[in-house]
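A structural walkthrough
Take a look at the letters that make up each chain.
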Amino acid sequence: MENAFTLLSFGPEGWGLALLQGAWVTISIALATLPFGLALGLAVALGKRSRNPLLRMVSTLYTTVFRGVPELLTLYIIYFGIQILVQKLWSSLGFTSQLEMSPFFAGMVALGVVLAAFSAEVWLGALNSIEKGQREAAAALGLTRFQAFRLIIFPQLMRVALPGLGNNWMVLLKETSLVSVITLQDTMFIATRANVVTKEPFLFFGAAALIYLFFSMISTWGFGKLEDRANRGYVRAR
Amino acid sequence: MVIVLRKMPMGLSAIAEARMTWCEWPGAFIGLEVLEKYGCRMATGLGLTLYLVAVSFALGLVIGLALAVAKLRAGRIPSAIIHGYTTFFRGTPLLVQLFLIYYGLGSIRPFWQEIGLWWFFREPVYCCLLAFTLNTAAYQAEIFRGALQSLPTGQAEAARALGMRPLPIFLKIEMPLALIVALRPLGNELIVMIKASALASLVTLFDLMGATKLAFARSFDLSIYFVAALIYLSMVEIIRRLWDAMETRLTRHLVLR
């Protein structure tokens, strides 16, 4: 037991600091992905409702593909794919040096496009729940379509979409563990390395599990608060 | 042989002449060398993926239903334990659970040898099955719990008034109604499991993802990843269609459509 304390401590023998840094990377990549994924998801959802059939088709194809392919596969395709693409571009410009793709960026893009596909469905459901009269009233008041979206539709949208987006966030948080396979030094990566060095798998994967559990619980609590806030203008039934 | 084939116009006749095994056909037919070379490994990998998903999902179904019923009917202490179980397995990444079982349980070898279970924890396939089953059971328990709780109480009360015993009430009244509610989320969970099974490739297994990684590592041909994506996509699409058909069948007495 003493051994376990030493290993998890912040001293020179301990992995405590490394695990904390890993937790920081986990939460950073999740938070960095969130705005990008949600914005892209909203754009895809709007595309699905567009009057342009081509745009509708592309958006539907997008959600079908990225919701059906394993996240791990998407991650590999984007990590290696972008690397090969950029390298070709770099070489064609006449440079001979090797380019290294940042795992953080690749992870962010991969998690972001998957989050966009899943959140698009949530946005779409929320968009459908807003009555037509709201848009008509906005138009009657002389608001432009963009103004109507920003001032009338979007605030109501957030209230309906929040529970679904909360689910998306929880899934994203757990999916960040995959970026450890492209050598991003997140919680999972540190735990794996600590296991290789110390041969204490229970201790380190258990610690990693607790870190993720901690983030999940904080998120559940936070989203509960956000939902309360979004619903403050509504009387709760029961 | 490969070189000869690539010079010939592609088509069925070329394949017939070349006397290939069936799993080399698709690659030869579309003229993708890497798929032709690793087609058989991919097919074996697909088999392993299907096996892992089918077994863990089926076991998860049984365990999940039992846990849901226990949580709703049993006392406070079993409910709290089940709540802890579902919170842990739904709140942590599957990858962490897999590594906890594969590396963690695998590290206490003398203990398993003593009780005669080493054959189980020695094999990555069984570790994978265990992790997947425990994970999907937690999610399915929540699905069934939600479905059972959503039933109007009048149904069971009417059955009790008719003199039915608790077990028949559960099997003949509550279960069929709950299944209609649970069907769609269960389909989603199955799709999640198909995608999550790709993690098996991280514990040395050659499932579809593992075989694809091997093919890429040896050929550096990115297109093999797109082939794998297409295979996963078709599996998901088949499940989706199947579930639509099942839902139509199960709700045929409802006027909703």
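Residues numbered from 1 in each chain as written. Chains lettered and ligands numbered in written order. Predicted model: local features only at pLDDT ≥ 70, side-chain atom pairs only at ≥ 80, totals over all residues. Heavy atoms only, no water.

For chain A, the helix and strand inventory stands at nine helices and zero strands. Along the chain direction, N to C, the helices and strands of chain A fall in the order α-α-α-α-α-α-α-α-α. Principal-axis analysis of the C-alpha atoms gives chain A an extent of 70 × 60 × 25 Å. Scored against the burial criterion, the 238 residues of chain A give a buried share of 46%. Considering only contacts in chain A between residues 6 or more positions apart, those separated by 24 or more positions represent 73%. Just so you have it, chain A exposes about 13,000 Å², and 68% of that area is on carbon and sulfur atoms. Charge separation in chain A, taken as the distance between the mean sites of 19 positive and 12 negative side-chain charges, equals 15 Å. (Helix = DSSP H or I, 4+ residues; strand = E, 2+ residues; numbered from the N terminus. Buried < 20%, exposed > 50% of the residue type's maximum accessible area, 1.4 Å probe, protein only. Contact = heavy atoms within 4.5 Å. Areas by Shrake-Rupley, 256 points an atom, 1.4 Å probe, with all protein chains shown as cover. Lys, Arg positive; Asp, Glu negative; His and termini not counted. Charge placed at Lys NZ, Arg CZ, Asp CG, Glu CD.)

What follows concerns the interface of chain B and chain A. The interface is formed by 33 residues belonging to chain B together with 31 residues belonging to chain A. A combined buried area of about 2,700 Å² lies between chain B and chain A, and 81% of that area is made up of carbon and sulfur atoms. Our enumeration of links across chain B and chain A arrives at one salt bridge. Linking Glu71(A) and Lys195(B) is a salt bridge whose minimum nitrogen-to-oxygen distance equals 3.0 Å. Counting across the chain B and chain A interface gives six residue pairs in polar contact (both at pLDDT 80 or more). When contributions to the side of chain B that touches chain A are tallied by element, the ones reaching two or more residues are helix H5 (76-91), helix H6 (94-107), helix H12 (208-219) and helix H13 (223-250) of chain B. (Buried area = accessible area lost by both parts, 1.4 Å probe. Salt bridge = Lys/Arg side-chain N within 4 Å of Asp/Glu carboxyl O. Polar contact = N/O pair within 3.5 Å; in protein donor to acceptor, adjacent residues only side chain to side chain.)

Time to look at the domain arrangement of chain B. Domains assigned within chain B are domain 1 (1-31) and domain 2 (40-247). Computed over C-alpha atoms, the centres of domain 1 of chain B and domain 2 of chain B are 39 Å apart. (Domains from an automatic or database assignment.)

For any two helices packed against each other, the geometry comes down to the angle between their axes and how far apart the axes lie. All names here are of chain A. Direction vectors running N to C along helix H6 (residues 132-140) and helix H7 (residues 145-175) enclose 155°, while the axes themselves pass 10 Å from each other. Relative to H7, H6 is oriented roughly antiparallel. Crossing geometry of H6 relative to H7 is assigned as right-handed. Here Gln134, Arg135 and Ala138 of H6 come into contact with H7, specifically with Ala148, Ile152, Ile153 and Gln156. A breakdown of the residues in the contact of H6 with H7 according to their chemical character gives four nonpolar, two polar and one charged. (Axes fitted to C-alpha atoms, helices over the stretch in contact; angles between N-to-C directions. Parallel < 35°, antiparallel > 145°, perpendicular 65-115°, else oblique. Left-handed = near helix turned anticlockwise from the far one by under 90°. Nonpolar A, V, L, I, M, F, W, Y, C, P; charged D, E, K, R; others polar.)

Bringing the state of the cysteines into the picture now. All names here are of chain B. Summed over all chains, the structure comprises one disulfide over all chains. Shown here is the disulfide that connects Cys23 with Cys40, its sulfur atoms set 2.1 Å apart. On the sign convention where negative means left-handed, the S-S torsion of about 75° between Cys23 and Cys40 marks this disulfide as right-handed. Of the two residues, Cys23 is situated in the loop between helix H2 (12-18) and helix H3 (25-30) and Cys40 in helix H4 (residues 33-73); the sequence distance between them amounts to 17 residues. Residue classification places Cys23 among the buried residues on the basis of a relative accessible area of 11%. A relative accessible area of 28% means that Cys40 is categorised as partly exposed. (Disulfide = S-S within 2.5 Å.)

This part is about the confidence of the model for chain A. Mean pLDDT over chain A works out to 89, with 97% of the residues at or above the 70 mark. Mean pLDDT in chain A bottoms out at helix H1 (residues 2-8) of chain A, which sits at 72, and peaks at helix H3 (residues 53-68) of chain A, which reaches 95. (pLDDT = per-residue confidence, 0-100.)

As a further point, take the pattern of salt bridges. Residue and element names in this part refer to chain B. Following the criterion strictly, the structure yields 11 salt bridges over all chains and no others. Taking the shortest distance from any N to any O, the salt bridge between Arg184 and Asp244 comes out at 2.8 Å. Of the two residues, Arg184 is situated in helix H11 (residues 166-196) and Asp244 in helix H13; the sequence distance between them amounts to 60 residues. Each of Lys71, Arg90, Glu142 and Arg145 takes part in one network of salt bridges that share partners.

As a further point, take the environment of Leu105(B). Positionally, Leu105(B) belongs in helix H6. Sequence-wise, Leu105(B) and Cys127(B) are 22 residues apart; in three dimensions their C-alpha atoms are separated by 8.7 Å. Once you skip the residues sitting within four places of it in the chain, Leu105(B) turns out to touch Phe202(A), Leu100(B), Trp112(B), Phe121(B) and Leu130(B).

The next thing to look at is the layout of surface pockets. All names here are of chain A. Considering only enclosed or pocket space, the second largest pocket measures out at about 480 Å³ in volume. Those elements that place two or more of their residues in the lining of the second largest pocket are H6 and H7. Here the lining of the second largest pocket is composed, by residue class, of eight nonpolar, two polar and four charged. (1 Å grid on protein atoms, 1.4 Å probe; cavity = no way out; pocket = protein on both sides within 12 Å on 5 of 7 lines; lining within 4 Å. Points joined across faces, edges and corners; volume = space filled by probe spheres on them.)

As for its position among the elements, Leu199(B) is in the loop between H11 and H12. Sequence spacing of Leu199(B) and Pro176(B) is 23 residues, and the spatial spacing of their C-alpha atoms is 34 Å.

This part takes up the nonpolar core. Leu73(A) and Leu52(B) are the most contacted members of the largest nonpolar core, which totals 121 residues. Among the elements that make up this core, the one with the highest residue count is helix H5 (residues 103-129) of chain A (14 residues). Dropping the residues within four chain positions of it, Leu73(A) is found in contact with Met209(B), Tyr225(B), Ala228(B), Ala229(B) and Tyr232(B). Ranked by size, the runner-up nonpolar core spans 11 residues in total, among them Ala68(B), Ala147(B), Met175(B) and Ala182(B). (Core = buried A, V, L, I, M, F, W, Y, C linked by side-chain atoms within 4.5 Å.)

The tally for this structure, following the rule as stated, stands at 24 aromatic pairs over all chains. Arranged with centres 5.3 Å apart and planes meeting at 55°, the rings of Tyr79(A) and Phe80(A) form a pair that is tilted. On the basis of relative accessibility, which here comes to 11%, the residue Tyr79(A) falls in the buried class. Judged by centre distance (5.2 Å) and plane angle (85°), the rings of Phe88(B) and Phe89(B) are edge-to-face. Accessibility expressed as a relative area gives 23% for Phe88(B), which makes it partly exposed. The structure contains a cluster of three or more aromatic residues connected by ring pairs, namely Tyr76(A), Tyr79(A), Phe80(A), Phe216(B), Phe220(B) and Tyr225(B). Across the ring face of Phe118(A), the terminal group of Arg67(A) is positioned such that the distance to the ring centre comes to 6.0 Å. (Phe/Tyr/Trp six-rings, centres within 6.5 Å; stacked < 30°, edge-to-face > 60°. Lys NZ or Arg CZ within 6 Å of the ring centre and 35° of its normal.)

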